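Descriptive structure summary
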Amino acid sequence: MKRVGILGGTFDPPHQGHLIMADHVCEALDLDEVWFIPSHLPPHKKDATVPAHERMKMVTEAVKGNDQFHSCDLELKRQGTSYTVDTMKDLKIRYPDHRFYFIIGGDMVNNLSEWYKIEELRSLVTFAGVQRQGFEGQKAEGVVMIELPRIDISSSLIRDRLRKNLTVRYLLPDTVHNYIKENGLYATKP
Ligand SMILES: Nc1ncnc2c1ncn2[C@@H]1O[C@H](COP(=O)(O)OP(=O)(O)OP(=O)(O)O)[C@@H](O)[C@H]1O
Ligand SMILES: O=C(O)c1ccc[n+]([C@@H]2O[C@H](COP(=O)([O-])O)[C@@H](O)[C@H]2O)c1
């Protein structure tokens, strides 16, 4: 039986906060792997600013160099709104013997009751929550909370800094930063 963490997100763009949270949960829960799954259309958020295939490529760049981290294009291939319950049902069929942990930031812990078919989803995964700056002390039934140094990095901060032509170096992996520059994403000049 493999123990697999799932980090779903918009990843617009992926950043060090995502990698650090995945690494800490991996250690704390003794996971074999963490799979990063970019949403095609995020269910509870306004649409991403960059197309799904570009976010997928950035996630693939971000996980390079860690053998336990993998990117997964299941939600891209499925298209439509990326409800987590659909993703996990699909993964359970493909990998019936894996045990799945769905990793979420502290900003999401208290909103789980609003997720689509949440009770069915709870039967498929264990939720692992990490603390997030501005959302301290969040906890909810059925969510294992993992301690994490507060990392006040978000994709919106990075998008905002890129728009203003301010440095984002060290906020995200160099590989992702290079991909953004080479492809002129977020209105950077290629
Ligand atoms: N710095 C962080 N600390 C803890 N959790 C985080 C952090 N950044 C992202 N997460 C969590 O990672 C998951 C995916 O996040 P997402 O891709 O939406 O990035 P984001 O930084 O929250 O984006 P945005 O700023 O655009 O809202 C979510 O569960 C989110 O709560
Ligand atoms: O399935 C749902 O109803 C649902 C509602 C909100 C968020 N999620 C998932 O939670 C993950 C993080 O979401 P976000 O909006 O922070 O990118 C991502 O995989 C979303 O698909 C899922």
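On a predicted model such as this, the values are computed, not experimentally measured, just so you know.

Some words on the nonpolar core
By size, the foremost hydrophobic cluster in this structure holds 44 residues, and its most contacted members are Ile6, Ala22, Val25, Val34, Phe36, Phe102 and Ile103. Going through the elements one at a time, strand E1 (3-9), helix H1 (16-28), strand E2 (33-38), helix H2 (52-63), helix H4 (84-94), strand E4 (99-105), strand E5 (126-130) and helix H7 (174-182) are the ones with two or more residues in this core. For this core, the leading source of residues is H2, giving 6 residues. Non-local contacts of Val25, meaning those with residues more than four positions away in its chain, are made with Gly5, Leu31, Ile103, Ala128, Val130 and Ile146.

Things to note about the UniProt feature "domain: Cytidyltransferase-like" (unreviewed entry) in the chain
As recorded in UniProt, the sites labelled "domain: Cytidyltransferase-like" (unreviewed entry) are residues 6-161. Note that residues 6-161 is 35% helix and 19% strand, and that its end C-alpha atoms are spaced 28 Å apart.

Points about the site of ligand 2
Around ligand 2, the structure places 14 residues, and the nearest of them are Gly8, Thr10, Thr84, Trp115 and Tyr116. Where the shell around ligand 2 is concerned, the elements lending two or more residues are E1 and H4. Tallied by class, residues from the shell around ligand 2 come to 6 nonpolar, 7 polar and 1 charged.

Let's talk about the site of ligand 1
Taken together, 18 residues sit near ligand 1, with Gly9, Gly17, Gly105, Ser154 and Ser156 positioned nearest. Among the elements of the structure, H1, E4 and helix H6 (155-163) are those that each provide at least two residues to the shell around ligand 1. By residue number, the principal contributor to the shell around ligand 1 is H1, which donates 3 residues. Tallied by class, the residues present in the shell around ligand 1 amount to 7 nonpolar, 8 polar and 3 charged.

Some points on unusual backbone geometry
Most peptide bonds adopt trans geometry, and most residues besides glycine take a negative phi value. Note the cis peptide between Asp12 and Pro13, where omega equals 5°. The residue Pro13 is located in the loop between E1 and H1 in this model. Of note in the backbone geometry, Asp30 takes a positive phi value of approximately 55° without being a glycine. Position of Asp30 relative to the elements: it lies in the loop between H1 and E2. Even without glycine at this site, Tyr186 takes up a positive phi of about 55°. Along the chain, Tyr186 turns up in the segment after H7.

Re H1
For H1, built from 13 residues, the straight-helix expectation of 18 Å at 1.5 Å per residue is met to within 8% by its first-to-last C-alpha distance of 18 Å. Taken residue by residue, H1 has Gly17, His18, Leu19, Met21, Ala22, Val25 and Cys26 as its buried positions. Downstream of H1 by one or two residues, Asp30 has phi in the positive range, about 55°.

Brief notes about the pairing of E4
Among the 7 residues that make up E4, 5 are buried, leaving the element largely enclosed by the rest of the structure. Relative to E4, E1 is paired through 4 bridges, and the arrangement is parallel. Bridge pairing in E4 links Gly5 to Tyr101. Taken together, the 5 bridges between E4 and E5 define a ladder with parallel strand orientation. Bridged to Tyr101 within E5 is Thr126.

Each value, and the rule that gives it
- Residues numbered from 1 in each chain as written.
- Chains lettered and ligands numbered in written order.
- Predicted model: local features only at pLDDT ≥ 70, side-chain atom pairs only at ≥ 80, totals over all residues.
- Core = buried A, V, L, I, M, F, W, Y, C linked by C-beta atoms within 7 Å.
- Buried ≥ 20, exposed ≤ 12 C-beta atoms within 10 Å, placed from the backbone.
- Helix = DSSP H or I, 4+ residues; strand = E, 2+ residues; numbered from the N terminus.
- Contact = placed C-beta atoms within 7 Å.
- UniProt positions renumbered as here; feature names shortened; annotations may be inferred.
- Near = placed C-beta within 6 Å.
- Nonpolar A, V, L, I, M, F, W, Y, C, P; charged D, E, K, R; others polar.
- Expected span 1.5 Å × (residues − 1).
- Pairing = 2+ DSSP bridges.

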